[in-house]
Amino acid sequence: MALIKNHSAPVVEAFPEFSILDEAVEYYHANEGNFEKQSYAVAQIAEFEGGGKMLIRLLVESPFIHKDMASYIASLLCGMDKRRAPIEAVMDLLKVKNAYIRNLGITTLQSYGDAIKYYIVKFLIGDDRDLRIFAINVLGDVNFAESREMLVELLEHEKDVNVAMTAVDYMGEIGQPADIPLLESLKGRFDDPYVIFAIDNAIRSIRG
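It should be emphasised that the depicted structure is a prediction, and the values quoted were computed from it without experimental measurement.

(A) How the structure looks around the environment of Gly79. Positionally, Gly79 belongs in the loop between helix 4 (67–78) and helix 5 (87–92). As for Gly79 and Tyr112, which are separated by 33 residues in sequence, their C-alpha atoms are 9.1 Å apart.

In structure tokens:
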């Protein structure tokens with residue numbers, strides 16, 4: 001008589017449902033190294049109020065986050081509605097030491113398009129010198145259509161030499177011949193040999 005083999009159906013583990021953000025975050029951390037489970041967790045995190053900022057925290061605070069997971073988190077941030085995307089927090093990614101995370105931050109900001117202008121303008125017109133420099137760097141990295149005009153407007157009134165020279169560096173990349181008189185005028189505003197050197201370099205770059 002032939003033997004009858006019993007075939008047991010494979011056990012498929014169901015993903016849990018989360019009622020609050022903290023549950024999804026806890027599940028993410030509890031499954032370190034399991035891409036499938038962590039991917040599920042971050043996708044759920046993205047749906048909660050405040051989830052976008054939590055995704056940024058996971059990128060910044062996880063020192064050994066795998067590139068595949070970091071990229072997946074960035075894709076979730078890119079896919080967020082611009083009205084609820086944590087744009088200012090994404091800008092903070094450009095400050096981290098990890099070059100891969102910084103590049104993900106740039107890619108994410110680029111995906112938001114014109115929605116980032118408000119934040120850049122807010123920093124550019126603020127009193128904090130470091131934030132003005134940061135905003136200039138963001139402009140240089142995302143490089144959207146109005147970048148040059150915004151840098152020109154800043155240079156017309158900027159009093160801080162470090163901020164101005166950061167903008168001058170980028171003007172060497174995106175400036176136009178019409179901007180040269182403005183750059184020349186900065187030599188009188190900032191009486192410093194480094195200023196003259198930086199401006200002359202930017203002008204040479206513009207002229208090609």
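(B) Inspection of the pattern of salt bridges at higher detail. Within this structure, the stated rule accounts for 13 salt bridges. A salt bridge links Glu146 to Lys117; its shortest N-O distance comes to 3.0 Å. In this pair, Glu146 sits in the loop between helix 8 (129–142) and helix 9 (147–157) while Lys117 sits in helix 7 (residues 117–124), placing the two residues 29 residues apart along the sequence. The salt bridge partner of Glu184 is Lys187, with a shortest N-O separation of 3.0 Å. Of the two residues, Glu184 and Lys187 both sit in helix 11 (residues 180–189), three residues apart, roughly one turn of that helix.

(C) Broad picture of the packing of aromatic side chains. According to the stated counting rule, one finds six aromatic pairs in the structure shown. Arranged with centres 5.8 Å apart and planes meeting at 45°, the rings of Phe18 and Tyr40 form a pair that is tilted. Taken together, the residues span a long stretch of sequence, with Phe18 in the segment before helix 1 (21–30) and Tyr40 in helix 2 (residues 35–45) at a distance of 22 residues. Here the two residues Phe18 and Tyr40 agree in accessibility, since each one is buried. Here the aromatic rings of Tyr27 and Tyr40 are separated by 6.3 Å at their centres, their planes lie at 85°, and the arrangement is edge-to-face. Taken together, the residues span a long stretch of sequence, with Tyr27 in helix 1 and Tyr40 in helix 2 at a distance of 13 residues. The pair Tyr27 / Tyr40 is uniform in exposure class, with both members buried. A cation over an aromatic ring shows up here: Lys67 above the ring of Tyr100, its NZ or CZ 5.0 Å from the ring centre.

Calculation criteria
- Residues numbered from 1 in each chain as written.
- Predicted model: local features only at pLDDT ≥ 70, side-chain atom pairs only at ≥ 80, totals over all residues.
- Heavy atoms only, no water.
- Helix = DSSP H or I, 4+ residues; strand = E, 2+ residues; numbered from the N terminus.
- Salt bridge = Lys/Arg side-chain N within 4 Å of Asp/Glu carboxyl O.
- Phe/Tyr/Trp six-rings, centres within 6.5 Å; stacked < 30°, edge-to-face > 60°.
- Buried < 20%, exposed > 50% of the residue type's maximum accessible area, 1.4 Å probe, protein only.
- Lys NZ or Arg CZ within 6 Å of the ring centre and 35° of its normal.

Honestly, it's all geometry; don't read function into it.
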